[in-house]
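Chains, contacts and geometry: an overview
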Amino acid sequence: MTQEASTSQHRPESRLDVVIAILLAVVAVTAALAAWRTSAVGSQVSDTNRAGLIDVTKQQAMHHINENSAYAEADYSAQAALKAAEAKTLMASDLPALVAAGSSLNDNLVPSMQKLAGPFPQGDLLTTLGTYDVDARIAQVESADPQYLAIVPAASFALADDYSNEKRWLTILSVLLAIALFWLGMAEITSGRWRVVNLVIGVALWAVGVGAFIGIETWFITGRGGVI
Amino acid sequence: MTADEARDRGRRIVVILTLLTTIVAAIVAGLEVEASTQGDRANRESERLVLTVAALQVSDTVVENYQNRLVTDVLTNQQEGLALDYAALQLGGKGDDAGATQVGYLAEAARARAKQAMALSDVYSDPAYAPAKEGDFPDLQGYLVARSNAEAALVAQENAASDSYNLWNSRSDTYVAILSVLAITFFLLGLAQVARRMRPFLASTAAALLLLTVAWSAFTALT
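Residues numbered from 1 in each chain as written. Chains lettered and ligands numbered in written order. Predicted model: local features only at pLDDT ≥ 70, side-chain atom pairs only at ≥ 80, totals over all residues. Heavy atoms only, no water.

Let's talk about the overall build of chain B
Helix and strand counts for chain B stand at five helices and zero strands. Ordered by position from N to C terminus, the α and β elements of chain B give α-α-α-α-α. On C-alpha atoms alone, chain B measures out to a radius of gyration of 39 Å, which is more than a quarter above the 17 Å that the 2.2 N^0.38 rule sets for 223 residues. With the principal axes as the frame, chain B shows a C-alpha extent of 135 × 25 × 20 Å. Within chain B, the proportion of its 223 residues that are buried is 39%. For chain B, the share of sequence-separated contacts (at least 6 apart) that also reach a separation of at least 24 residues comes to 75%. (Helix = DSSP H or I, 4+ residues; strand = E, 2+ residues; numbered from the N terminus. Rg over C-alpha atoms; globule rule 2.2 N^0.38 Å. Buried < 20%, exposed > 50% of the residue type's maximum accessible area, 1.4 Å probe, protein only. Contact = heavy atoms within 4.5 Å.)

Below, the structure written as structure tokens:
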């Protein structure tokens, strides 16, 4: 066999070697890209979950402030009501000194205490038992507070769930791409017909992986209104 | 069967086994990521509930302080009324009728305060805790227990979420172990494709590992 004939006999095999090597590089880069994106989405899951939990804490801190204020108002109103009942009893007496004392309590002390009582004892802030509906007062305050209303932990949790679903598919995809790399590695070290079989399966897995990657990213990013 | 045919058949089996391993690995990866996702969600829910329970405990303290103060107002004023009645009797006994009348009005004023505090107190107004007859003590303990029931229910939910997290986390760990075994299976199958003499041994070991991972995965998913 001449040198020329030998070269021509090995040429298709060498060409396939180059193709497989290029494919290996391309699949490795794709797998690395998918792994990076999976990791980035995983970070988003952690960040949004963390943001949601921080929102829960913030919301509860604000709720405690509102709750303390509302109970302080109810307490002032209750103490004012007690003093008003006392004043009424004294004013009903037939002793001028007690009437004067009751009148002074009623005219001076009760109104000043009532000033600290907020809207209590308004009719819509009473329970069916006639006691103060402090929860209704808290709800009234919170529904009128834009800062409180702006904190929505459920929104962060929903976003985290969305990222989590994206991560789920990207992880499966990353595994598929890693396996494609394995098949192409097999194609690199085998020969003849089996080399082609390994190569075809590897390329098919890679193609499915890339198609799925584009599909998954389009679906989730579009669903979030373009937010990556 | 010629030696070439036998070799070809061996390679075909190895490729089929590798394909099966690919499919199993993809499924196990899916199960692992699902378990991990569910675990993360249960963990988050458990943390959210812990924060909610802590917040509820603080709220309960505020509510209980308010109700306790009203109960204290009732009891203090009732006793003040009794003490003043007693003083009025003593003054009357000493012939100081004007003083007795004045102190009698003060006793009445104290009772009016007690009555108003009762009207504003949930413990005295709610028939579930209110005293059966005048002068009796309300069921303050029952009121506090009822409030702590909501907390207990949340704690139970938190425990359930925590258990769920542990379960999914443990499953996720198991799937990672299975994936590691599958990686070894891939390695053995890769060797089997190129090693001629050891092919039957490597392929059968890989097949055994593949069966093991399938059974292990099924057991993990179903238990």
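Let's talk about the overall build of chain A
A tally of regular secondary structure across chain A gives six helices and zero strands. Listed by position from the N terminus, the elements making up chain A come as α-α-α-α-α-α. Expected size for 228 residues packed as a compact globule is a radius of gyration near 17 Å; at 38 Å, chain A overshoots this value by more than 25%. Overall size of chain A, expressed as C-alpha extent along the three principal axes, is 140 × 25 × 25 Å. For chain A, the residues scored as buried account for 41% of the 228 residues in total. Sequence-distant contacts in chain A: of pairs separated by 6 or more residues, those separated by 24 or more amount to 73%. With the model as given, the accessible surface of chain A reaches about 11500 Å², and the carbon-plus-sulfur share is 65%. Between the averaged position of the 14 positive side-chain charges in chain A and that of its 21 negative side-chain charges there is a distance of 12 Å. (Areas by Shrake-Rupley, 256 points an atom, 1.4 Å probe, with all protein chains shown as cover. Lys, Arg positive; Asp, Glu negative; His and termini not counted. Charge placed at Lys NZ, Arg CZ, Asp CG, Glu CD.)

Concerning the nonpolar core
Residues A:Ile179, A:Trp183, A:Leu199, A:Leu205, B:Val28 and B:Leu182 are the most contacted members of the largest nonpolar core, which totals 34 residues. When residues of this core are traced back to their parent elements, those giving at least two are α1 (3-91), α5 (153-189) and α6 (192-223) of chain A together with α1 (3-93), α4 (140-194) and α5 (199-222) of chain B. Other than its neighbours up to four places away in sequence, A:Ile179 contacts A:Leu205, B:Thr22, B:Ala25 and B:Phe186. Counting residues in hydrophobic clusters, the runner-up holds 24 residues, among them A:Leu125, A:Tyr132, B:Leu120 and B:Leu140. (Core = buried A, V, L, I, M, F, W, Y, C linked by side-chain atoms within 4.5 Å.)

Here's the deal with a nonpolar patch on the surface
On the surface, a nonpolar cluster with roughly 360 Å² of combined accessible area is contributed by A:Ile189, B:Phe187, B:Leu191 and B:Val194. The topology assignment puts B:Leu191 in helix α4. (Patch = residues over 30% accessible without salt bridge, like charges linked within 9 Å, V, L, I, M, F, W, Y side chains within 5 Å. Salt bridge = Lys/Arg side-chain N within 4 Å of Asp/Glu carboxyl O.)

Some remarks on the layout of surface pockets
Taken as a whole, the largest pocket encloses approximately 510 Å³ of empty space. Every residue lining the largest pocket is counted, 28 residues in all, and those nearest its centre are A:Glu67, A:Tyr71, A:Asp135, B:Val63 and B:Arg147. Taken together, the elements giving at least two residues each to the lining of the largest pocket come down to α1 and α3 (134-143) of chain A together with α1 and α4 of chain B. Among the elements that line the lining of the largest pocket, the one with the most residues is α1(B), at eight residues. (1 Å grid on protein atoms, 1.4 Å probe; cavity = no way out; pocket = protein on both sides within 12 Å on 5 of 7 lines; lining within 4 Å. Points joined across faces, edges and corners; volume = space filled by probe spheres on them.)

Side note on unusual backbone geometry
Backbone torsion omega between A:Phe120 and A:Pro121 reads 0°, so that peptide bond is classified as cis. Considering the arrangement of structural elements, one finds A:Pro121 in the loop between α2 (96-115) and α3.

Notes on the interface of chain A and chain B
Contact residues are listed per partner, giving 52 residues for chain A and 51 residues for chain B. Taking both sides of the interface into account, the surface hidden between chain A and chain B amounts to around 4600 Å²; carbon and sulfur atoms contribute 67%. On the chain A side of the contact with chain B, A:Leu82, A:Arg168 and A:Trp194 bury the most area, a combined 14% of that side's loss. The interface formed by chain A and chain B holds five salt bridges in total. The residue B:Arg44 makes a salt bridge to A:Asp161 at a minimum N-O spacing of 3.1 Å. Along the contact surface separating chain A from chain B lie 14 residue pairs in polar contact (both at pLDDT 80 or more). Every element with two or more residues in the side of chain A that touches chain B is listed here: α1, α5 and α6 of chain A. (Buried area = accessible area lost by both parts, 1.4 Å probe. Polar contact = N/O pair within 3.5 Å; in protein donor to acceptor, adjacent residues only side chain to side chain.)

Description of the side chain of B:Ser46
One can find B:Ser46 in helix α1. Once residues within four sequence positions are removed from consideration, B:Ser46 is found in contact with B:Glu158, B:Ala161 and B:Ser162.

Some thoughts on the packing of α1(B) against helix α2 (residues 97-120) of chain B
Residues and elements named next belong to chain B. It is the contact of α1 with α2, at a shortest axis distance of 8 Å, that shows an interaxial angle of 165°. The orientation of α1 relative to α2 falls into the category roughly antiparallel. In this structure, α1 meets α2 at a crossing whose hand is left-handed. For the contact of α1 with α2, the residue count by class is 16 nonpolar, six polar and six charged. (Axes fitted to C-alpha atoms, helices over the stretch in contact; angles between N-to-C directions. Parallel < 35°, antiparallel > 145°, perpendicular 65-115°, else oblique. Left-handed = near helix turned anticlockwise from the far one by under 90°. Nonpolar A, V, L, I, M, F, W, Y, C, P; charged D, E, K, R; others polar.)

Topic: the pattern of salt bridges
In the structure shown here, the tally under the stated rule is 17 salt bridges over all chains. Residue B:Arg113 is joined to A:Glu86 by a salt bridge in which the shortest nitrogen-to-oxygen separation is 2.7 Å. With one member in each of two chains, B:Arg113 in helix α2 and A:Glu86 in helix α1 form a pair that bridges those chains. Grouping residues by exposure puts B:Arg113 and A:Glu86 together as buried. Of the charged contacts in the structure, one is a salt bridge between A:Arg224 and A:Asp162, with a shortest N-O distance of 2.9 Å. One end of the pair, A:Arg224, is in the segment after α6; the other, A:Asp162, is in helix α5, with 62 residues separating them in the sequence. Each of the salt bridges in this network shares a partner with another, and the network as a whole consists of A:Arg37, A:Asp162, A:Glu166, A:Glu217 and A:Arg224.

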